[in-house]
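So you can see what is in the structure, the chains are spelled out below.
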Amino acid sequence: MTAIKHALQRDIFTPNDERLLSIVNVCKAGKKKRNCFLCATVTTERPVQVNVVKVKKSDKGDFYKRQTAWALRDLAIVDAKDAVKESPEFDLHFDKVYKWVASSTVEKNTFISCIWKLNQRYLRKKIDFINVSSQLLEESVPSGENQSVAGGDEEAVDEYQELNAREEQDIEIMMEGCEYAIANAEAFAEKLSRELQVLDGANIQSIMASEKQVNILMKLLDEALKEVDQIELKLSSYEEMLQSVKEQMDQISESNHLIHLSNTNNVKLLSEIEFLVNHMDLAKGHIKALQEGDLTSSRGIEACTNAADALLQCMNVALRPGHDMLHAVKQQQQRFSDLREQFARRLASHLNSVFVQQGHDQSSTLAQHSAELTLPNHHPFHRDLLRYAKLMEWLKNTDYGKYEGLTKNYMDYLSRLYEREIKDFFEVAKIKMTGTTREGKKFATLPRKESAVKQETESLHGSSGKLTGSTSSLNKLSVQSSGNRRSQSSSLLDMGNMSASDLDVADRTKFDKIFEQVLSELEPLCLAEQDFISKFFKLQQHQTTSGTTTNEVEEVDGVALSRSYTSGVPQTVSSEKDMIRQMMTKIFRCIEPELNNLIALGDKIDSFNSLYMLVKMSHHVWTAQNVDPASFLSTTLGNVLVTVKRNFDKCISNQMKQMDEVKISKKSKVGILPFVAEFEEFAALAESIFKNAERRGDLDKAYIKLIRAVFDSVEKVANESQKTPRDVVMMENFHHIFATLSRLKISCLEAEKKEAKQKYTDHLQSYVIYSLGQPLEKLNHFFEGVEARVAQGIREEEVSYQLAFNKQELRKVIKEYPGKEVKKGLDNLYKKVDKHLCEEENLLQVVWHSMQDEFIRQYKHFEGLIARCYPGSGITMEFTIQDILDYCSSIAQSH
């Protein structure tokens, strides 16, 4: 083991400046026996570091290598397993538990004892040694013995000490001086012994020779001791003197501390006094302004505003702890409160007087506006009151009760004033709409001329959102109707007052302008008042803090109304916006009822006025919601828009009801139905009104409802018609509908346009086929029988052998239809078609041309059957295709 220990010291630890103190041969418990060494080492340099190193033999050669090292300071527990019974097993608790089995119990005990000693000397760390015999934990060296760092305790731990380089060099020189030292060790030892005796003798002689010098040295030491005693006496006297000085310095220091503390307190007191004087002192000029300042002039208002701000600053100063206990501070605060109360009363009284005076002054201007469709201008009044805006803000912050009272008084005075103005304004609007005076007298009206029937409406839309377009007068209906239809018109219900005898285009244009002017006058009035309320009463009408605003669209009776919701906005902002709406609602409480009355009047004058009102109101609602979706104007116009939309829907429903209830004469031909012509007039009027309008979707929905009702009513009338064939009624009316939709190009009715064209085409073909069966009736029956025999399976060339369909029978039938008879039959057919068709649609030539084509098709069909079923017979018709063309052409020209 000693050889292994020396080899490990030389090969592993010496290069790392470490010393090996103890070693134990171990293997891991519970595994295959694979030996290694645990070594306890210390570094040679300070500070000393103690390690436990695991060393194992290399697999590739006969040398050892360092595998793992743990610092002894990381060792927590040393477990020897059993303190009484000898056992080679032991555990070391580092970052985890390492279980070892030593090669012998002695090596284990030696290693554990070395660990304990190293801990006691270098670490003094609390390492738990459990199941370890107490004998192993005793110091082998007395604690009082003073040994050197290099050789004391290390020798107690292990007797081995390696020679240093100096010692090795001296020994080598000495051995070189005795060449036989290695060959004859006894002679070398004897020589060394003799030299040692010589050196000892020399040392004794040197000591005896220096005895005299020793005596001299002792005398010098005695003298030095006496000097030391004298110095100690002097130092004692000095110390007594310094003690008295120290006491005096302590007194001076304490006195200086008291002086410094007094100065500090005086500075702080001065600072507090300056703070109170600077922040709680109101200038005499401000006090005079608050007590006697002129609230009518601009200079006086400015002085009062500055004084009120200064007073508010003095009252709102943040007092430091203890200030409110001072009598002077309490007295000054009471004085400020009295000044505030006095000025607040004076300000509120003055503003109330201004509000009352405004009501009187503004009422005097109503007379000059009574005959004009304009509202009085409140801008001068707002401009004068805005001079008090800062004082109102001061009143709001200092005396909310008086501020609230002023708000209520303002609403009371202004609501009465606006109510008079708005009612007079709407009265003028109603007069201009109805053409009556306030005494009920009619205004002079211009005579209606026949040319007004075809008058086109002037431009109704411009850059301000007004509609542009033109429409024919509704009198056009009576011009287009046939004589027979004129006899029926008196029995039909009036659809939407579309007849020009009730209201011509000029009247509707006048109504549209009046309604637009009403809205144009109300909108700036409400916006100006709302802006003034926000500025004068210092209410926040727009969001200025961080938050998320959500605009939700709520649909009421088909009207999409925007509602604004704000999240993350302080409650004060929301409550102030609500207060603005409440004030506006109270001040303009008469606007919504008056607008509803005006709308009802316009609807009563002409139900088609709802189209104009829907477009105008939608545009103004859209404009107001873009500015502020939650404003009073936006909400009020939105509510009125719902009423207008209901009137519009009612107008559409009434037209559909009238279509359903229409009755026709049984003694006259139908022609173009009244509601078909009226739908054309409605569509033309609506297109001119809704061009570029925001609410085009409402019109499209109405179109769909109306066109379906028109389709259904046309079919119903066609089924009930006795005088005119059903196909003629369907053909003429759907042709008119198709022409109307093609001319107006209504995108939402493209499918209905195609359907109308298809119905027109189908019924035209049906009517032509039905009518052509009559002129060559016997010939038709004959060839139908021929086709029936072929269908039963008889070959075409064998049909001529049938008794009823032989060549003689065919010649007999053909002889009954010579060219003269055919022309006569076609002439009668033309007259009958002319009798069925109406003049408005001018479809006679179209139908006659279709009949000509169909007749030629039938002729070719008959010729083909003759050629296939009667081959070689030489039988032909008594007229040719060219004869048919000549007959049709001459008949059409003659009529």
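What comes next concerns the included structure. Treat the numbers as computed from the prediction; the structure is a model and nothing was measured.

Conventions adopted
Positions within a chain are numbered from 1, following the residues in the order the chain's sequence is written. Where local features are concerned, this predicted model is filtered to residues with pLDDT of at least 70; where side-chain atom pairs are given and counted, the filter is 80 or more; whole-chain, interface and lining totals use all residues. Side-chain metrics in this entry use all non-hydrogen atoms of the structure; hydrogen atoms and water are not considered. The secondary structure listing takes helices from DSSP runs of H or I that are at least 4 residues long and strands from runs of E that are at least 2 residues long, numbered from the N terminus. Relative accessibility thresholds used throughout: buried, under 20% of the residue-type maximum; exposed, over 50%; partly exposed, between the two (1.4 Å probe, protein chains only). By the convention used here, residues are in contact when the closest approach between their heavy atoms is within 4.5 Å. Areas reported here follow the Shrake-Rupley algorithm with a probe of radius 1.4 Å; residue values treat only the protein chains shown as occluding. Here a salt bridge means any side-chain nitrogen of Lys or Arg lying within 4 Å of a carboxyl oxygen belonging to Asp or Glu. To count toward a patch, a residue needs a relative accessible area over 30% and no salt bridge; like charges are then connected within 9 Å, while nonpolar side chains (Val, Leu, Ile, Met, Phe, Trp, Tyr) are connected within 5 Å. Residues grouped as a nonpolar core are buried Ala, Val, Leu, Ile, Met, Phe, Trp, Tyr and Cys residues, joined through side-chain atoms within 4.5 Å. What a helix is expected to span follows from its residue count: subtract one and scale by 1.5 Å. Think of it this way: DSSP has to see at least two bridges between two strands before they count as a pair. With axes taken as lines fitted to C-alpha atoms, and helix axes fitted only over the stretch in contact, angles between N-to-C directions fall between 0 and 180 degrees. Think of it this way: Lys and Arg go in the positive column, Asp and Glu in the negative one, and His and the chain ends go nowhere. Working definition for charges: the position is that of NZ of Lys, CZ of Arg, CG of Asp or CD of Glu. Working definition: the arc comes from the directions between the helix axis and the C-beta atoms, pointing outward to the latter. Note on disulfides: each one is a pair of cysteine sulfur atoms within 2.5 Å.

### Side note on the overall build of the protein
- Of the regular secondary structure elements, the protein holds 29 helices and ten strands.
- A buried classification covers 41% of the 895 residues belonging to the protein.
- Within the protein, contacts between residues separated by at least 24 positions form 69% of all contacts whose residues are at least 6 apart in sequence.
- Carbon and sulfur atoms provide 51% of the accessible area of the protein, an area that totals close to 50000 Å².

### Looking at the pattern of salt bridges
- Applying the stated criterion across every chain yields a total of 34 salt bridges.
- The salt bridge partner of Lys99 is Asp91, with a shortest N-O separation of 3.3 Å.
- Across the salt bridge formed by Glu594 and Lys430, the nearest N and O atoms sit 4.0 Å from each other. With Glu594 in helix H18 (residues 591-605) and Lys430 in helix H13 (residues 400-434), this pair connects stretches of sequence that are 164 residues apart.
- Given the relative accessible area of 10%, Glu594 is considered buried.
- Beyond isolated ion pairs, a larger network of salt bridges with shared partners links Glu341, Arg345, Asp399 and Lys402.

### Things to note about a nonpolar patch on the surface
- Where nonpolar side chains cluster on the molecular surface, the patch consists of Val214, Ile216, Leu217, Met218, Leu220 and Leu221 and spans about 550 Å² of accessible area.
- Among the structural elements, Val214 can be located in helix H6 (residues 211-279).

### Observations regarding the nonpolar core
- By size, the foremost hydrophobic cluster in this structure holds 172 residues, and its most contacted members are Tyr410, Val518 and Val847.
- A total of 13 residues in this core trace back to one element, the largest contributor, which is H13.
- If sequence neighbours within four positions are ignored, Val847 has contacts with Met731, Leu764, Tyr767, Val768, Val833 and Leu837.
- Residues Val26, Leu72, Trp100 and Phe111 belong to the second largest nonpolar core, which totals 29 residues.

### Points about helix H23 (residues 726-744)
- Taking 1.5 Å of rise per residue, 19 residues should cover 27 Å, and H23 covers 27 Å from first to last C-alpha, within 8% of that figure.
- Of all 19 residues making up H23, 14 are buried, and the element is well covered by its neighbours.
- Backbone geometry just downstream of H23 places Lys745 in the positive-phi region, at approximately 55°.

### Considering the pairing of strand E1 (residues 18-28)
- Counting buried residues along E1, nine of its eleven residues qualify, which places the element largely inside the surrounding structure.
- Note that E1 and strand E2 (residues 36-43) share eight bridges and pair antiparallel. Note on E2: the bridge partner recorded for Arg19 is Val42.
- Summarising the sheet, E1 and strand E7 (residues 97-102) pair through three bridges and their orientation is antiparallel. Note on E7: the bridge partner recorded for Lys28 is Trp100.

### Here's the deal with the sheet that holds strand E6 (residues 89-93)
- Judged by pairing direction, the sheet is mixed, and its eight strands sit side by side in the order E4-E3-E2-E1-E7-E6-E5-E8 without closing on themselves. Each edge of the open sheet carries a strand with a single partner, namely strand E4 (64-71) and strand E8 (128-130). Direction aside, the axes of adjacent strands within the sheet are offset by 30° on average.
- Inspection of the sheet shows strand E5 (residues 77-79) paired to E6 by three bridges, in the antiparallel sense. Within E6, the position partnered with Val78 by the bridge is Leu92.

### Quick look at unusual backbone geometry
- Cis geometry marks the peptide bond from Arg46 to Pro47; its omega dihedral reads 0°.
- Tracing the backbone through its elements, the reader meets Pro47 in the loop between E2 and strand E3 (50-57).
- Phi angles above zero are rare outside glycine, and Asn131 is one such case at about 60°.
- Relative to the helices and strands, Asn131 is located in the loop between E8 and helix H3 (152-157).

### Overview of a negative patch on the surface
- On the surface, Glu167, Glu168, Asp170, Glu172 and Glu176 cluster together into a negatively charged patch.
- Assignment of secondary structure puts Glu167 in helix H4 (residues 165-177).

### Details of helix H7 (residues 284-292)
- Within the span of H7, buried status applies to Ile287, Ala289 and Leu290. Down the axis, H7 shows its buried residues gathered within 160° of arc, on one side only. For H7, the exposed residues set more than 90 degrees away from the buried face come down to Lys284, Lys288 and Glu292.

### Let's talk about the state of the cysteines
- Under the counting rule described, the total for this entry stands at zero disulfides.
- Not engaged in a disulfide, the cysteine Cys590 finds its nearest cysteine sulfur in Cys526; these two sulfurs lie 9.5 Å apart.

Spatial relationships are all this shows, so hold off on functional conclusions.
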